[in-house]
Amino acid sequence: MKEERVLLAHGGGGTMMHNLVGETILGKLGNPILNALGDSAVLEFGDRRIAFTTDSFVVQPLFFKGGDIGKLSVCGTVNDLAMAGARPLFLSLGFIVEEGLEGEILERILESIRAAAEEAEVRVVTGDTKVVEKGKADGIYINTSGVGEIRPGVSIAAENAKPGDAVLINGNMGDHGIAVISEREGLSFETEICSDCAPLNHLASRILDVCDEVHCFRDPTRGGVAATLNAIAGQAKVRIELFEKDLPVSPGARGACDLLGFDPLYVPNEGKMLVICPEERAETVLNEMRSDGYGRDSAIIGRVTEEGEGVVLLHTRIGGMRIVDMPYGEQLPRIC
Amino acid sequence: MTARTPARRCIEEIRSLAEKIPSPPLRLMEVCGTHTVSIARNGIRDILPENISLLSGPGCPVCVTPDGVIDAAISLAEDPRVIIATFGDMMKVPGTEKSLERARAEGADVRMVYSPTDALRFAREYPDRKVVFIAVGFETTQPGNALTIERARADGLKNFFVIPAGKLIPPAMAALLEDSDSRIGGFICPGHVSVIIGADAYAPIVEKYGKPCVVAGFEPEEILEGIAMFLGMAVEERPEVVIQYRQCVDRAGNLRAREILNRVYHPADSEWRGLGVIPESGFELNDEYADYDAFRHFGIEPRPSRERKGCRCGEVLQGKVEPFECALFSRACTPEHAVGPCMVSSEGTCGAYYRYNRKKM
Amino acid sequence: MCLAVPAKVIEISGSGGTVSVRGNNFQADFAMLEDVKLGDFVLVHAGFAIKKYDTEEAREVLKLWKEIEEKT
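The following refers to the structure shown. (Residues numbered from 1 in each chain as written. Chains lettered and ligands numbered in written order. Predicted model: local features only at pLDDT ≥ 70, side-chain atom pairs only at ≥ 80, totals over all residues. Heavy atoms only, no water.)

### Quick notes on the overall build of chain C
Phase 1 of the analysis: From N to C terminus, chain C includes 1 helix and 5 strands.
Phase 2 of the analysis: The C-alpha atoms of chain C give a radius of gyration of 12 Å, which matches the 11 Å a tight globule of 72 residues would have.
Phase 3 of the analysis: Principal axes of the C-alpha set define a box for chain C whose edges measure 35 × 25 × 20 Å.
Phase 4 of the analysis: Sorting the 72 residues of chain C into buried and exposed places 58% on the buried side.
Phase 5 of the analysis: In chain C, the proportion of contacts linking residues at least 24 apart, taken out of those at least 6 apart, comes to 36%.
Phase 6 of the analysis: For chain C, the accessible area works out to roughly 3200 Å², and carbon and sulfur atoms hold 53% of it.
Phase 7 of the analysis: Of the charged side chains in chain C, 9 are positive and 12 negative; the average position of the first set lies 5 Å away from that of the second. (Helix = DSSP H or I, 4+ residues; strand = E, 2+ residues; numbered from the N terminus. Rg over C-alpha atoms; globule rule 2.2 N^0.38 Å. Buried < 20%, exposed > 50% of the residue type's maximum accessible area, 1.4 Å probe, protein only. Contact = heavy atoms within 4.5 Å. Areas by Shrake-Rupley, 256 points an atom, 1.4 Å probe, with all protein chains shown as cover. Lys, Arg positive; Asp, Glu negative; His and termini not counted. Charge placed at Lys NZ, Arg CZ, Asp CG, Glu CD.)

### Looking at the interface of chain B and chain A
Phase 1 of the analysis: In this complex, chain B contributes 33 residues to the contact, which on the side of chain A involves 29 residues.
Phase 2 of the analysis: Of the roughly 2500 Å² buried where chain B meets chain A, counting both sides, 54% is carbon and sulfur surface.
Phase 3 of the analysis: Together, Arg41(B), Tyr114(B) and Lys359(B) form the three largest contributors to the area buried by chain B at its contact with chain A, with a combined 23%.
Phase 4 of the analysis: Viewed at the interface, chain A and chain B are joined by 4 salt bridges. (Buried area = accessible area lost by both parts, 1.4 Å probe. Salt bridge = Lys/Arg side-chain N within 4 Å of Asp/Glu carboxyl O.)

### Considerations on the state of the cysteines
One covalent bond between the sulfur atoms of two cysteine residues makes up a disulfide.
Residues and elements named next belong to chain B.
Phase 1 of the analysis: One pass over the full model with this rule turns up 1 disulfide over all chains.
Phase 2 of the analysis: Here cysteine 333 stays free of any disulfide, with the sulfur of cysteine 313 as its closest cysteine sulfur at 6.5 Å.
Phase 3 of the analysis: On the basis of relative accessible area, cysteine 333 is assigned to the buried category, the value being 8%. (Disulfide = S-S within 2.5 Å.)

### Observations concerning unusual backbone geometry
Phase 1 of the analysis: At the junction of Gln60(A) and Pro61(A), the peptide bond is cis and its omega measures out at 0° in the coordinates.
Phase 2 of the analysis: Mapped onto the elements of the fold, Pro61(A) is located in the loop between strand S2 (48-57) and strand S3 (63-64).
Phase 3 of the analysis: Along the chain, Pro24(B) connects to Pro25(B) via a cis peptide bond; the corresponding omega equals 0°.
Phase 4 of the analysis: When you line up the elements, Pro25(B) lands in the loop between helix H1 (7-18) and strand S1 (26-30).
Phase 5 of the analysis: Backbone geometry at Ala137(A) places phi at a positive 75°, although glycine is not the residue there.
Phase 6 of the analysis: Mapped onto the elements, Ala137(A) comes out in the loop between strand S6 (123-132) and strand S7 (140-150).
Phase 7 of the analysis: You can call Ala137(A) buried: its relative accessible area is 6%.
Phase 8 of the analysis: Although it is not a glycine, Glu237(B) adopts a positive phi angle of roughly 50°.

### Here's the deal with the sheet that holds strand S7 (residues 186-189) of chain B
Residue and element names in this part refer to chain B.
Phase 1 of the analysis: The sheet built from 5 strands is open, its strands ordered S2-S1-S7-S8-S9 with parallel pairing. The open sheet has two edge strands with one neighbour each: strand S2 (52-56) and strand S9 (241-243). Strand after strand, the sheet turns through a mean of 25° between neighbouring axes, direction not considered.
Phase 2 of the analysis: Bridge count between S1 and S2: 5 bridges; the pairing is parallel. By the bridge assignment for S2, methionine 29 is matched with leucine 55.
Phase 3 of the analysis: Each of S1, S2 and S7 touches helix H2 (residues 33-41); the most contacted strand, S1, lies at about 125° to it.
Phase 4 of the analysis: Helix H9 (residues 169-178) contacts S1, S7 and strand S8 (213-215) of the sheet and is inclined by roughly 160° relative to S7. (Pairing = 2+ DSSP bridges. Axes fitted to C-alpha atoms, helices over the stretch in contact; angles between N-to-C directions.)

### A closer look at the pattern of salt bridges
Phase 1 of the analysis: Using the criterion set out here, one finds 47 salt bridges over all chains in the structure.
Phase 2 of the analysis: Across the salt bridge formed by Asp128(A) and Lys130(A), the nearest N and O atoms sit 2.8 Å from each other.
Phase 3 of the analysis: On the accessibility criterion, Asp128(A) (39% relative accessible area) is partly exposed.
Phase 4 of the analysis: Assessed through its relative accessible area of 44%, Lys130(A) is described here as partly exposed.
Phase 5 of the analysis: Residues participating in the shared-partner salt-bridge network are Glu244(A), Arg317(A), Glu219(B) and Glu221(B).

### Focus on the packing of aromatic side chains
Phase 1 of the analysis: Here the structure, examined in full by the defined rule, presents 9 aromatic pairs over all chains.
Phase 2 of the analysis: When the ring of Phe87(B) is compared with that of Phe133(B), the centres are 5.5 Å apart and the planes differ by 85°; the resulting orientation is edge-to-face. You can see Phe87(B) sitting in the loop between strand S3 (82-86) and helix H6 (100-105) and its partner Phe133(B) sitting in strand S5 (residues 130-134), a full 46 residues away along the chain.
Phase 3 of the analysis: Using a relative accessible area of 1% as the deciding quantity, one classes Phe133(B) as buried.
Phase 4 of the analysis: Geometrically, the ring pair formed by Tyr265(B) and Phe283(B) is tilted, given 5.6 Å between the ring centres and 55° between the ring planes. Of the two residues, Tyr265(B) sits in strand S10 (residues 265-272) while Phe283(B) sits in strand S11 (residues 276-285), which places them 18 residues apart along the sequence. We note that Tyr265(B), like Phe283(B), is buried.
Phase 5 of the analysis: Members of the aromatic cluster, each reached through a chain of ring pairs, are Phe324(B), Phe329(B), Tyr353(B) and Tyr354(B).
Phase 6 of the analysis: Cation over ring: Arg108(A) sits above Phe63(A), and NZ or CZ is 3.9 Å from the ring centre.
Phase 7 of the analysis: Here Arg358(B) stacks its cationic end above the ring of Tyr354(B), 4.0 Å away from the centre of that ring. (Phe/Tyr/Trp six-rings, centres within 6.5 Å; stacked < 30°, edge-to-face > 60°. Lys NZ or Arg CZ within 6 Å of the ring centre and 35° of its normal.)

### Things to note about the interface of chain B and chain C
Phase 1 of the analysis: Counting residues at the interface gives 35 residues for chain B, matched by 24 residues for chain C.
Phase 2 of the analysis: Together chain B and chain C conceal approximately 2400 Å² of surface at their shared face, both sides included; 60% is due to carbon and sulfur atoms.
Phase 3 of the analysis: In this assembly, chain B and chain C are joined by 2 salt bridges.
Phase 4 of the analysis: When the shortest N-O distance is used, the salt bridge between Glu34(C) and Arg256(B) registers 3.6 Å.
Phase 5 of the analysis: Viewed at the interface, chain C and chain B are joined by 8 residue pairs in polar contact (both at pLDDT 80 or more).
Phase 6 of the analysis: Listed by contribution, the elements that provide at least two residues to the side of chain B that touches chain C are helix H7 (116-125), helix H8 (142-154), helix H10 (191-197) and helix H13 (255-264) of chain B.
Phase 7 of the analysis: The greatest single-element share of the side of chain B that touches chain C, amounting to 5 residues, is contributed by H8(B). (Polar contact = N/O pair within 3.5 Å; in protein donor to acceptor, adjacent residues only side chain to side chain.)

Purely spatial values, then, with no claim about function.
Now the structure itself:
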């Protein structure tokens, strides 16, 4: 590891985290399955494929407009499974609770978990609870792992992105990050923006129903759409070009971003998915997405243009061009 | 007042005016980090004619803060009595050994703030700690700092201090033009600094050096309109100060803000990293507020600036060299391992160029 | 660093108040301006309002906000 110490930036979803995982962690633990670094690992059992994933949740504060750490912990893992083209089935649930957390808060979180699991049609089947001394764990940290069965016949992976493909997103960027940051103490900033936290497995399934040639799904969480598309471009070794005028951002989120100096492309989402599919199927996919409750503001935001160095570019609204780089460090800490 | 002129019309006007420039190429310099970023982010250079070049000047406050000051701030951060409050862009700037971000990872109490008011709040909340606010910035930011210091006094706070690292833009513009090597044809003046100082603040520069100045906003359409207005002056050889950013800027500026500023600060000679000492270009605390000067209180004297070998930030800040002409650019010097501040700050010339334009399109 | 946003004054208390940028509310200090009233539009930088828009200019701000809304 280049740096002597772990910095907040190492958890930011950007280049530093990328290097920590790609070099330091894979360096010690790498194997063909892990090295794929997908949202989920794809495990083969005979002719069946299981998706397996894990995620930890350290969001601060625990409760925010549109959700809480409980809802996040279910949706985050459900979505990672859905992004592999899998039907999420079972979750594990690990709690690390800070001594002194009010019982009522734990119950609220559990209720959110129950409700989210019900909506996603998954079951929590195993778990663990630890309690640590006051001052550690910031209330509660949650880990969820999940397994799901990958739909037969689909092959969803970043490497499949090809020149000519369209890039779509199911709605406005940036809401989750803004909602969470606005509740941070010391920011004295109120907003009507709600987190977009949502389980996307049903939407993903509907998309696969109308288009079995989807090349890639991925959810733009930490680091936002920018980090996610850069990861895809890097893995598939393609150039992706976006169109500024087509990027969906709500006026309120844009106002908040102007205020805080953020770029919506880099702000985390928890209810968004990127879809990369052949250009000819883009309209069909778009219409299906728009007919879903979690896809009303879906849009085609760009295309995969050529093979080569993995890079993401943006056509600006005045006709110029710029790079959309991987974020460098920590833009927004403890956002999910 | 008209609605914002559509970009397309500005571009057409720029193209037709560019053909009539008396002695091309025309080099137009902006001196505001936010302009640096907006120009790079929007790919404005891509659509300008070949004979117009946009230079970036010393408009990034953290970039022009001498490295001795940064090292001194970091050493203060490592004092356990101290809470450092700083704007975000200072966090990653490298001092000789480390940045504030790294100092924080090593245990220093460094907190990011959006306003000096937040720093004052820390002083109230932690009466047994000494809060030091790093007051970088130009004329836009200093009146707010001044107000905060006055409030600290009014509240009788003895644990609030500032590092007075603020600077003035017009003296730097003059210093750049004084340089005989300068090929600067005129300026895009900073939009929000001008809200405070007024467009007339640039009149002496126009009179003395005969270079046109346009005060522009930050949206790409506004910058393009500003460039078109600038070209209009250049083509007619009619150097003036014109205001594109009509929505926000007038001739006189905010007198009240300047009064507040003058109650607390006075201009003094100041070192700009890469440019050396420019007369009357920095903000120093008035005698009655000298107690709030962090360096004075802690008995620290920032050492003279030292440039790292191979680093050409100084020439970049003067608009003499473009980022890719520096041998370190994107090799030894990237945002993750920055050698000089122009790269690490999101508003620095090299940082903006690297982040938004470095790959061949 | 020059980051400043136009905002609408929605509450005044003491030397400052609450301003709103398209539904996002935060605190700002009005000490650099004279005679700030509810409904005024101001330009806010680092927690301080540095300029008050006159009626024409405020209309421009609203127009721009509307343009942005319509595009999204």
